Amino acid sequence: MGKDFLSIEELSEYLGIKRSTLYQRVGRREIPFYRFGRLIRFKRADIELWMEGFRNEAIDSDHVGGRLIRGLKGGGVDVGGMVKKDIEEVADLKYTPKYGKPDQIRSLRREVKNGTL
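Before going into details, it helps to say that this report is about the structure given with it.

Definitions and limits used
- Residues numbered from 1 in each chain as written.
- Predicted model: local features only at pLDDT ≥ 70, side-chain atom pairs only at ≥ 80, totals over all residues.
- Heavy atoms only, no water.
- Phe/Tyr/Trp six-rings, centres within 6.5 Å; stacked < 30°, edge-to-face > 60°.
- Helix = DSSP H or I, 4+ residues; strand = E, 2+ residues; numbered from the N terminus.
- Buried < 20%, exposed > 50% of the residue type's maximum accessible area, 1.4 Å probe, protein only.
- Lys NZ or Arg CZ within 6 Å of the ring centre and 35° of its normal.

Quick notes on the packing of aromatic side chains
Thought 1: Across all of its chains, the model carries four aromatic pairs by this definition.
Thought 2: Ring geometry for F5 against Y34: centres 5.3 Å apart, planes inclined by 80°, an arrangement best described as edge-to-face. A residue pair is termed long-range when its members are at least 10 positions apart, and F5 in strand β1 (residues 5-6) and Y34 in strand β2 (residues 34-36) qualify at 29 residues.
Thought 3: Assessed through its relative accessible area of 31%, Y34 is described here as partly exposed.
Thought 4: Centre to centre, the rings of Y34 and F36 are 6.5 Å apart; their planes meet at 10°, and the pair counts as stacked.
Thought 5: The class for F36 is partly exposed, based on a relative accessible area of 46%.
Thought 6: Through successive ring pairs, a cluster of aromatic residues spans F5, Y34 and F36.
Thought 7: Taking the ring centre of Y14 as reference, the NZ or CZ of R44 above it sits at 5.0 Å.

Encoded structure:
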C-alpha cells in the first residue's frame, strides 16, 4: 500500500512539476493541501481528483470539422466567402513597426480611412 500523504518533493516527482510551481499553487490555494505547522502535505486521493479537472477529452478533429462544414453548407452559408472576408480583414490589420500602419499617412501621422483624409 502506498503512502496516503506526499511531501512537496514527492508530489513534484509524481506529477513532473517543479517544486517552485507547486509552492506557488499552494500560496494561491490552487491545489488541495494540508498544513501541519510549517509542513505542507498533499493527500494522494485529493491530488488525483484535482488532476481530473485538467483532463481533456480526445476528439477526432477531421470528423468534427467535416460535420461542421457539412452543416454550414446545408444551411446556405458561404463558407468560402466568410474565410475570404476574414483573410482580407486580417491582411488590412498587418503592419510592421518600421513602416507603420498601412492606413496612416507618414508625414502627417494621421489615421485615414480607405486611403483618404
